[in-house]
Amino acid sequence: MTDYSINIHALARDAGIAIEDCPFEHMDGIVVRLRQRAFVGLRKTADIRTKRYALAHEMGHVRDGTATSRYCLLAERRADRLARASVIPEGWLRRAIEDGHTEYSVLASLFGVSEEVVEQRCKEVFNS
Ligand SMILES: [Zn+2]
């Protein structure tokens, strides 16, 4: 079976982002920018799907320049949109569906994300 899961950790490392497991209890991830370098902390006890998505979300903040800003709903939504697009590229999603994978649960495991992320990404891509 085709592997659709993006190696998001490798993408982060290629972008020079440092990743560290942290003893968070109430959040999955955080990004801190020091000079030109971004550091992402991920909740140590999170499952791999949660960690992948949290990392993609924090990379979204790095990409759109909101890594240092205080909490802002719009910035959070943008980071989530960027995260969904990076863990589920549109072409890959279309290919997976053409290959017959039409259940959210199956797509979630193929892409290594939660069903909720798949559902939202499908809504974005297919405008439904
Ligand atoms: Zn955020």
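Calculation criteria
Residues numbered from 1 in each chain as written. Predicted model: local features only at pLDDT ≥ 70, side-chain atom pairs only at ≥ 80, totals over all residues. Helix = DSSP H or I, 4+ residues; strand = E, 2+ residues; numbered from the N terminus. Rg over C-alpha atoms; globule rule 2.2 N^0.38 Å. Buried ≥ 20, exposed ≤ 12 C-beta atoms within 10 Å, placed from the backbone. Contact = placed C-beta atoms within 7 Å. Pairing = 2+ DSSP bridges. Axes fitted to C-alpha atoms, helices over the stretch in contact; angles between N-to-C directions. Core = buried A, V, L, I, M, F, W, Y, C linked by C-beta atoms within 7 Å. Parallel < 35°, antiparallel > 145°, perpendicular 65-115°, else oblique. Left-handed = near helix turned anticlockwise from the far one by under 90°. Nonpolar A, V, L, I, M, F, W, Y, C, P; charged D, E, K, R; others polar. Expected span 1.5 Å × (residues − 1).

Participant: Could you give me a rundown of the overall build of the chain, with the residues and numbers involved?
Facilitator: From N to C terminus, the chain includes 6 helices and 3 strands. When the elements of the chain are put in sequence order from the N terminus, they spell out α-β-β-β-α-α-α-α-α. In terms of C-alpha radius of gyration, the chain reaches 15 Å, essentially the compact-globule figure of 14 Å for 128 residues. Taken over the C-alpha atoms alone, the chain extends approximately 45 × 30 × 25 Å along its principal axes. Here the chain holds 128 residues, and 28% of them are scored as buried. Long-range pairs, those at least 24 residues apart, make up 48% of the contacts in the chain between residues at least 6 apart in sequence.

Participant: I'd like to hear about the sheet that holds strand E3 (residues 37–43), residue by residue, with values.
Facilitator: Pairing is mixed across the open sheet formed by 3 strands, whose spatial order is E1-E3-E2. Since the sheet does not close on itself, it has two edges, and those belong to strand E1 (18–22) and strand E2 (29–34), each with one partner. Going across the sheet, the axis of each strand differs from the next one's by a mean of 25°, ignoring polarity. The pairing of E2 with E3 spans 6 bridges and is classified as antiparallel. Within E3, the position partnered with Gly29 by the bridge is Leu42.

Participant: Outline the nonpolar core, listing residues and values.
Facilitator: Ranked by internal contacts, the top residues of the largest apolar core, which has 25 residues, are Tyr53, Leu55, Ala56, Val87, Phe111 and Val113. Elements with a minimum of two residues in this core: E3, helix H2 (48–63), helix H3 (73–87), helix H5 (104–111) and helix H6 (115–126). Each residue touching Val113, except ones within four places of it in the same chain, is listed here: Arg49, Arg52, Tyr53, Val87, Ile88, Ala108 and Val118.

Participant: Got a sec to walk through the packing of H2 against H3? Specific residues and values, please.
Facilitator: For the pair H2 and H3, interaxial distance at closest approach is 7 Å and the crossing angle is 120°. Accordingly, the angle class assigned to the pair H2 and H3 is oblique. At the point where H2 passes H3, the crossing takes the right-handed sense. Each of Arg52, Tyr53, Ala56, His57, Met59, Gly60, His61 and Arg63 in H2 lies in contact with H3, whose residues at this interface are Ala75, Arg78, Ala79, Asp80, Leu82, Ala83, Ser86 and Val87. Class assignment of the residues belonging to the contact of H2 with H3 gives a composition of 8 nonpolar, 4 polar and 4 charged.

Participant: Quick rundown of H2? Include the residues and the values.
Facilitator: For the α-helix, the turn length of 3.6 residues means that residues three or four positions removed from each other point alike. Given a rise of 1.5 Å per residue, 16 residues ought to cover 22 Å, and the 22 Å separating the end C-alpha atoms of H2 matches this to within 8%. Within the span of H2, buried status applies to Lys51, Arg52, Tyr53, Ala54, Leu55, Ala56, His57, Glu58, Met59, Gly60, His61 and Val62. Taken from the residues just after H2, Gly65 is the one with a positive phi, measuring 75°.

Participant: Please provide a residue-by-residue account of the environment of Val31, values included.
Facilitator: Topologically, Val31 is positioned in strand E2. Put simply, Val31 and Met59 are 28 residues apart on the chain and 8.1 Å apart in space, counted from C-alpha to C-alpha. Excluding its chain neighbours within four sequence positions, the residues that come into contact with Val31 are Ala38, Val40, Glu58, His61, Val62 and Ala67.

Participant: Could you give an account of the environment of Glu90, with specific residues and numbers?
Facilitator: With respect to the helices and strands, Glu90 occurs in helix H4 (residues 90–98). Since 12 C-beta atoms lie within 10 Å of it, Glu90 is described here as exposed. Counting along the chain gives 24 residues from Glu90 to Thr66, while the straight-line C-alpha distance between them is 24 Å.

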